[in-house]
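Below, each chain spelled out in residue letters.
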Amino acid sequence: MIGTMGTGMLLAVAALAAEPMPQVLTLDQALKTAAERQPQLRQAAAATAASQARADQSRAALLPQLRLSAGYDRGTNNRAGVPPYSFASSDAWNAAVSANQLVWDFGQTWNRWQAAGAQAEAQASNEQSSRLQAAFNVRSAFFTAHGDKALVEVARETLGNQERHLQQIQGFVRVGTRPEIDLAQARTDLANARLLLVNAENAYDLARAQLNQAMGVEGSLEYDVADNQAPVVEGEDGTTDELLKQALSVRPEVAALDQQVRAQELTVSAVSGGYWPSLGVGATVSEGGPRLDGLAWNWSLGPTLSWSFFEGGRTSAAVRESRAQLDSLHAQVDDLRQSVRLDVEQARLAIRASKAALAAAADAATNARERLKLAEGRYQAGVGNAIELGDAQVALTSALAQKVQADQRLASSRAQLLRALGRP
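Basis of the calculations
Residues numbered from 1 in each chain as written. Predicted model: local features only at pLDDT ≥ 70, side-chain atom pairs only at ≥ 80, totals over all residues. Heavy atoms only, no water. Helix = DSSP H or I, 4+ residues; strand = E, 2+ residues; numbered from the N terminus. Rg over C-alpha atoms; globule rule 2.2 N^0.38 Å. Buried < 20%, exposed > 50% of the residue type's maximum accessible area, 1.4 Å probe, protein only. Areas by Shrake-Rupley, 256 points an atom, 1.4 Å probe, with all protein chains shown as cover. Pairing = 2+ DSSP bridges. Axes fitted to C-alpha atoms, helices over the stretch in contact; angles between N-to-C directions. Core = buried A, V, L, I, M, F, W, Y, C linked by side-chain atoms within 4.5 Å. Contact = heavy atoms within 4.5 Å. Salt bridge = Lys/Arg side-chain N within 4 Å of Asp/Glu carboxyl O. Expected span 1.5 Å × (residues − 1). Polar contact = N/O pair within 3.5 Å; in protein donor to acceptor, adjacent residues only side chain to side chain. Phe/Tyr/Trp six-rings, centres within 6.5 Å; stacked < 30°, edge-to-face > 60°. Lys NZ or Arg CZ within 6 Å of the ring centre and 35° of its normal. Lys, Arg positive; Asp, Glu negative; His and termini not counted.

## A look at the overall build of the chain
So, point 1. Looking only at helices and strands, the chain features nine helices and six strands.
So, point 2. By the compact-globule yardstick of 22 Å for 424 residues, the chain is too spread out, its C-alpha radius of gyration being 37 Å.
So, point 3. Its C-alpha atoms put the chain at 135 × 55 × 35 Å along the principal axes.
So, point 4. Here the chain, with 424 residues, has 36% of them falling under the buried criterion.
So, point 5. Total accessible area on the chain stands at roughly 24600 Å², and carbon and sulfur atoms take up 56% of it.

Okay, structure coming up:
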């Protein structure tokens, strides 16, 4: 039965992962798909549920403990010093209901429960952090695929230009106005353009495969990414201190570590309670006797006091260990603040540099396109040569590629800033 259920669950998950992708995938669709299918998010959700269950287990020690027991045995009834001894045996039946309630143990159990609850809240924040990371991975993979798609278009434009140049040069060579070497150069340029297109298409396929992985999808690559542009991130031109303040207030890693510190403080209090006794109360109602139709009932009620006042220094060592772990968590808080600051600083500077690079790349592409136009005119007029024409085409292809890459870096930098600020 268990194997059948497990197989059915795997088939259901596989069917979900194999659902067809839309012909044109938008960024919003990619993010939604990741939220529904990404295995790492399901793992994080399961870890949160397990952490909450552990907190409930810790609470159980504060509630009444009820136990029902029943037994039967047959044995001899010989008494020490009262002969004669015999192998004669008799039946004994017994049944009992017992209840125990912890009254006070100087906060040991209560603080452990509170610590477990804080750990559950920390894990919930970790789950949110996993969701932010998954969203960042999808954005990064999406904009990489978007850039590679644009590079395919650049390669196709280059190939189209080279095919057109080849046709023109063939005509010139045919009538004898251009040497044969120009035709060889044009054929070489055309072959290089075809290779450029093959490499660009392969890179686009690989980028979509990586996007599928980021979304948690096992599916075909027969789709295109939409021409989504990365929107401006609110405050992206602000100072690092302004952005850092926002990040520290919402980053789930910060919240998770704060809860871990709180949990460890409660753990220190719980362990310190081990120096003192525990007080409880217990009650038992029982019936017993040699025959089922002849049982006698009894009850008992009373407090219990337990005090392990010396355990070879174990409690003292446990307290020192807990305090050392608390000191370590405080150091982690400082380290996290520095790490968040670096994340924000890097993303902000990357956006600034990408904007400048994008403007420069746009100017370069405009100038390169004009250069190619002039080179084509000069070649047709007979004052230019094939090398000049080829160089102009290479310059345009390079400039267009740089513009695409600058646009991709800006989109990736904005995704990085969203992650650094803890924004979904």
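## So, the sheet that holds strand β6 (residues 296-306)
So, point 1. An order of β2-β3-β5-β6 is seen for the four strands of this open sheet, with the pairing classed as antiparallel. Single-partner strands in this sheet number two, and they are β2 (65-76) and β6. Strand-to-strand twist of the sheet, defined as the mean angle between neighbouring strand axes without regard to direction, takes the value 20°.
So, point 2. Note that strand β3 (residues 89-104) and strand β5 (residues 278-289) share eleven bridges and pair antiparallel. Pairing of Ala96 across the sheet is with Ser286, part of β5.

## What to know about the nonpolar core
So, point 1. Ranked by size, the top nonpolar core spans 46 residues in total, and within it Val138, Phe142, Leu211, Met215 and Val225 carry the most contacts.
So, point 2. Contributing elements (two or more residues each) for this core: α2 (27-37), α4 (108-175), α5 (180-215), α8 (314-381) and α9 (386-421).
So, point 3. The element contributing the most residues to this core is α4, with 13 residues.
So, point 4. Non-local contacts of Val225, meaning those with residues more than four positions away in its chain, are made with Val24, Leu25, Phe142, Ala145, His146, Lys149, Tyr204 and Leu211.

## Re the pattern of salt bridges
So, point 1. The tally for this structure, following the rule as stated, stands at 20 salt bridges.
So, point 2. Close ionic contact of Glu127 with Arg131 constitutes a salt bridge, the shortest N to O distance being 3.4 Å. Highlighted residues: Glu127 and Arg131, both in helix α4, separated by four residues, approximately one helical turn.
So, point 3. We classify Glu127 as buried; its relative accessible area is 15%.
So, point 4. Under the relative-accessibility criterion, Arg131 is labelled partly exposed at 31%.
So, point 5. With a shortest N-O distance of 2.8 Å, Arg348 and Glu345 are connected by a salt bridge.

## Focus on unusual backbone geometry
Most peptide bonds take the trans form, and the phi angle of most residues other than glycine is negative.
So, point 1. Here the residue pair Pro83 and Pro84 is connected by a cis peptide bond, since its omega of 0° sits within 30 degrees of zero.
So, point 2. The phi dihedral of Phe106 falls on the positive side, at around 55°, and the residue is not glycine.
So, point 3. Tracing the chain through its elements places Phe106 in the loop between β3 and α4.
So, point 4. Looking at Phe106, the relative accessible area reads 36%, which means it is partly exposed.

## Here's the deal with α4
So, point 1. The terminal C-alpha atoms of α4 lie 100 Å apart, and with 68 residues this matches the ideal 100 Å at 1.5 Å per residue to within 8%.
So, point 2. Of the residues flanking the end of α4, it is Gly176, one or two places downstream, whose phi is positive at about 85°.

## A look at the pairing of β6
So, point 1. Two elements, β5 and β6, share eleven bridges in a ladder whose sense is antiparallel. Residue Val281 lies in a different strand from β6, and its bridge partner there is Pro303.

## What about the pairing of β3?
So, point 1. Here β2 pairs with β3 via twelve bridges, running antiparallel. Following the sheet pairing, Ser69 is matched in β3 by Ala96.

## Re α9
So, point 1. For α9, spanning 36 residues, the distance from its first C-alpha to its last is 52 Å, which sits close to the expected 52 Å at 1.5 Å a residue.
So, point 2. Regarding α9, its N-cap is Asn385, as a side-chain oxygen of that residue lies 3.1 Å from the backbone nitrogen of Ile387 further along.
So, point 3. Gly422 lies just past α9 and shows a positive phi near 75°.

## Some words on the side chain of Gln162
So, point 1. Within the secondary structure, Gln162 sits in helix α4.
So, point 2. With a relative accessible area of 7%, Gln162 lands in the buried category.

## Considering the packing of aromatic side chains
So, point 1. The tally for this structure, following the rule as stated, stands at seven aromatic pairs.
So, point 2. Look at Trp104 and Phe106: their rings are 5.9 Å apart centre to centre, the planes differ by 50°, and that puts the pair in the tilted class.
So, point 3. Ring-pair connections join several aromatic residues into one group, and the members of that group are Trp104, Phe106 and Trp276.
So, point 4. For Arg178, the ring lying beneath its charged end belongs to Tyr379, and the centroid distance is 4.0 Å.

## Some thoughts on the side chain of Arg139
So, point 1. Relative to the elements of secondary structure, Arg139 occurs in helix α4.
So, point 2. Summary of buried charges: Arg139 has no salt-bridge partner, and the nearest side chain of opposite charge, Asp28, is 6.9 Å away.
So, point 3. Discounting residues that sit within four places of it in the chain, Arg139 has contacts with Leu27, Leu31, Ala415, Leu418 and Pro424.

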